[in-house]
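Now for the letters of each chain:
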Amino acid sequence: MILHKGEILFHQGDDGAYLYKIKSGLFKVTRLHENGNMVLFNILYPGETVPHHSLISPKETHGTAIALIRSEVEAIPADEWYRELEEDPKRPLEVASLLQEKVRFMQQRLDHLTVGTPAERLELLKEWLSSYAHGVPLTDYLTQEEIGQLIGVRRETVNRLLRGH
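K.L.:
Report on unusual backbone geometry, specifying residues and quantitative values.
P.N.:
A cis amide bond links Val50 to the next residue, Pro51, at an omega of 0°. Mapped onto the secondary structure, Pro51 falls in the loop between strand 6 (49-50) and strand 7 (64-67). Notably, His134 is not glycine yet its phi reads approximately 50°, a positive angle. Among the secondary structure elements, His134 is positioned in the loop between helix 3 (118-133) and helix 4 (144-151).

Given below as structure tokens:
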């Protein structure tokens, strides 16, 4: 299925009737906390099967996934996914590989958050996302607040960095 910028792949709290393989595009995953605070906590990119926490057993979705750019996704019925996981002896290793890839990605993101200056962190984020966004400028699909959440700085700092000061 094709989703365009702003369209929702799944909502926080959905029952997890499907898993999704990201074929192209990007999604942001946000979580609304009880106190009303909205936090961007993940970016989904091609090659991932999500939600990650449901690759082995079902669980309601932890956040809302919103397309950042035109994206293609394959919806996989959860009951079919779990049946194949039980019946095909190679599937658990495939799932372990998917989880390992996500752990490695998270290690890379942590490295990006702990390297040098905010300007360097912004540049690393731009470089990483540009490989999936096909020339679409970062500020066309993420707000300054969201960029700040991804690089560990306040929106005002992002604004200053983007202005080049």
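K.L.:
Could you give an account of the sheet that holds strand 2 (residues 8-10), with specific residues and numbers?
P.N.:
In space, the four strands of this open sheet follow the order 2-7-4-5, with antiparallel pairing throughout. The sheet is open, and its two edges are formed by strand 2 and strand 5 (38-44), each paired on a single side. Across the sheet, the mean angle separating the axes of adjacent strands is 30° when strand polarity is ignored. Bridge count between strand 4 (residues 27-32) and strand 5: six bridges; the pairing is antiparallel. By the bridge assignment, Lys28 is partnered in strand 5 with Ile43. Here helix 4 sits on the sheet and contacts strand 4 and strand 5; the angle it forms with strand 5, its principal contact strand, is near 70°.

K.L.:
Break down the nonpolar core for me, citing the residues and quoting the values.
P.N.:
Ranked by size, the top nonpolar core spans 21 residues in total, and within it Leu26, Leu129, Tyr141 and Leu142 carry the most contacts. Examining the composition of this core, we find that five residues originate from one element, helix 3, more than from any other. If near-sequence neighbours (up to four positions away) are discounted, Leu142 is found in contact with Lys28, Leu40, Leu68, Leu129, Ile147 and Leu150. The next biggest cluster of nonpolar side chains, apart from the first, holds 12 residues, and it includes Leu9, Phe10, Val50 and Val73.

So, how was this worked out
- Residues numbered from 1 in each chain as written.
- Predicted model: local features only at pLDDT ≥ 70, side-chain atom pairs only at ≥ 80, totals over all residues.
- Heavy atoms only, no water.
- Helix = DSSP H or I, 4+ residues; strand = E, 2+ residues; numbered from the N terminus.
- Pairing = 2+ DSSP bridges.
- Axes fitted to C-alpha atoms, helices over the stretch in contact; angles between N-to-C directions.
- Contact = heavy atoms within 4.5 Å.
- Core = buried A, V, L, I, M, F, W, Y, C linked by side-chain atoms within 4.5 Å.
- Buried < 20%, exposed > 50% of the residue type's maximum accessible area, 1.4 Å probe, protein only.

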